[in-house]
Each structure stands twice: as structure tokens, then as C-alpha cells.
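Examination of the molecular architecture
Spelled out from the first residue to the last, the chains are:
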Amino acid sequence: MSALDRVPSLMARAGTASALTIAAVGGSIVVPGAASDASAATMATKALRIAASKKGSPYQWGATGPYRFDCSGLTLYSFKRAGKKLPRTAAQQYNKARHISSGSRRAGDLVFFHSGSYVYHVGIYAGGGKIWHAPKTGAVVRLEKIWTRSVWYGRIS
């Protein structure tokens, strides 16, 4: 008899089981709020993959894809394809996002570049201090290192 086969009888005798015990025998537990966090992570990861798939697409001010983008057009397009509607501009997207600390950031979060309280650019965090973004006229969608500390992070859920 394997450890998994013994779980029901062990739980019945003990009355309860700790999360560590359940995890140790390969079970699963339900944590309130975790499902929405997991689905948000899945959606953000999908948006990140979509943005990366647009590598090399030309920048065009006001463009929202599928072949040309400005910064917020790329994030809008990527999240829309992942199943989440975002507002049009970087500032509006900042206001829609749940603001998070740099220590809490994860791949798929939005990175907002600001000057004072003015948000002027947005990209999708790729991990390792890099973002996917549509930088400026004459450039293309690309993966680039975050070049300033004047950034805020936001999570779309």
C-alpha cells in the first residue's frame, strides 16, 4: 500500500491534516484567493508570450496591432489576446493596474516609466530586469533592459 493509498485512513484517524502533510503525500490543498492569483499569472504569462511574438514589429504612434504598435498599444493588444481588456494609454493602464512593489514584480506584470507623477511609457516585465516594449519611432518591438529607476509596477488581474 502506497502513502497515497493511506491518506484517507490517516486523515480520518487524525481528523485533520496539515498542508505540509498533504503536500508530502502528493495531495493538493485549496487556498482562498489562490485561484484568482493563479489565473492572473496564467493570463499575464500568456500576454507576455504574445508581446514576445511581436518581436521586430515596427513602432507606430497610436497603433494597436497586429502588425504595428506604440507602447500602450502593445500591452493593450497582448492582454486583449490573453483575455483581459485594458484602457488605451499608458497612464490609463497604470490607473487600472494593481500597484505592486519592485520586489513583488513577476513576469507578465506591467512596467510604467514615469517622470514625477506623469506616466509616459509602458512595457511588459519579462524577468531579469528586462521588458518587452515598443520603444519609439524608428524602433521595433524588442526585449530590453530597464534603463532607469523611475518605474512603477502594476499587476493586471
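Definitions and cut-offs
Residues numbered from 1 in each chain as written. Predicted model: local features only at pLDDT ≥ 70, side-chain atom pairs only at ≥ 80, totals over all residues. Heavy atoms only, no water. Helix = DSSP H or I, 4+ residues; strand = E, 2+ residues; numbered from the N terminus. Contact = heavy atoms within 4.5 Å. Core = buried A, V, L, I, M, F, W, Y, C linked by side-chain atoms within 4.5 Å. Buried < 20%, exposed > 50% of the residue type's maximum accessible area, 1.4 Å probe, protein only. Pairing = 2+ DSSP bridges. Axes fitted to C-alpha atoms, helices over the stretch in contact; angles between N-to-C directions. Expected span 1.5 Å × (residues − 1). 1 Å grid on protein atoms, 1.4 Å probe; cavity = no way out; pocket = protein on both sides within 12 Å on 5 of 7 lines; lining within 4 Å. Points joined across faces, edges and corners; volume = space filled by probe spheres on them. Nonpolar A, V, L, I, M, F, W, Y, C, P; charged D, E, K, R; others polar.

The next point concerns the environment of leucine 110. Among the secondary structure elements, leucine 110 is positioned in strand β2 (residues 110–115). For the pair formed by leucine 110 and arginine 98, sequence separation is 12 residues and the distance between their alpha carbons is 9.8 Å. Aside from chain neighbours lying at most four places away, what touches leucine 110 is Thr75, Phe79, Leu86, Gln93, Val122, Gly123, Ile124, Trp152, Tyr153, Gly154 and Ile156.

Next up on the list: the nonpolar core. Among the nonpolar cores identified, the biggest contains 26 residues, and Phe79, Leu110, Phe112 and Ile156 are the most heavily contacted of them. Broken down by secondary-structure element, the contributors of at least two residues to this core are α3 (34–53), α4 (71–82), α5 (90–96), β2 and β3 (118–127). Element by element, the count of residues in this core is highest for α3, at 6 residues.

Reading across the sheet, the 6 strands line up as β1-β6-β2-β3-β4-β5 and stay open at both edges, with antiparallel pairing between neighbours. One side of each edge strand has no neighbouring strand; the edge strands of this open sheet are β1 (98–100) and β5 (142–145). Geometrically, the sheet is characterised by an average inter-axis angle of 45° between neighbouring strands, direction not taken into account. Pairing geometry for strand β4 (residues 130–133) and β5, over 4 bridges, is antiparallel. By the bridge assignment, isoleucine 131 is partnered in β5 with glutamate 144.

All right, on to α4 then. The α-helix advances 3.6 residues per turn, and as a result positions three or four apart in sequence lie on the same side. Here α4 is 12 residues long and its end C-alpha atoms lie 17 Å apart, about the 16 Å a rise of 1.5 Å per residue gives. Most of α4 is tucked away: 10 of the 12 residues are buried. The complete set of buried residues in α4 reads Cys71, Ser72, Gly73, Leu74, Thr75, Leu76, Tyr77, Ser78, Phe79 and Ala82. Where α4 ends, the next residue or the one after it, glycine 83, has phi of about 105°, a positive value.

The space that makes up the largest pocket amounts to roughly 250 Å³. In this structure, the largest pocket is lined by 16 residues; those nearest its centre are Cys71, Ser72, Thr89, Ala90 and Tyr120. At the level of elements, α4, α5 and β3 are the ones that each hand at least two residues to the lining of the largest pocket. Among the elements that take part in the lining of the largest pocket, β3 stands out by supplying 4 residues, more than any other. Of the residues in the lining of the largest pocket, the class split is 10 nonpolar, 4 polar and 2 charged.

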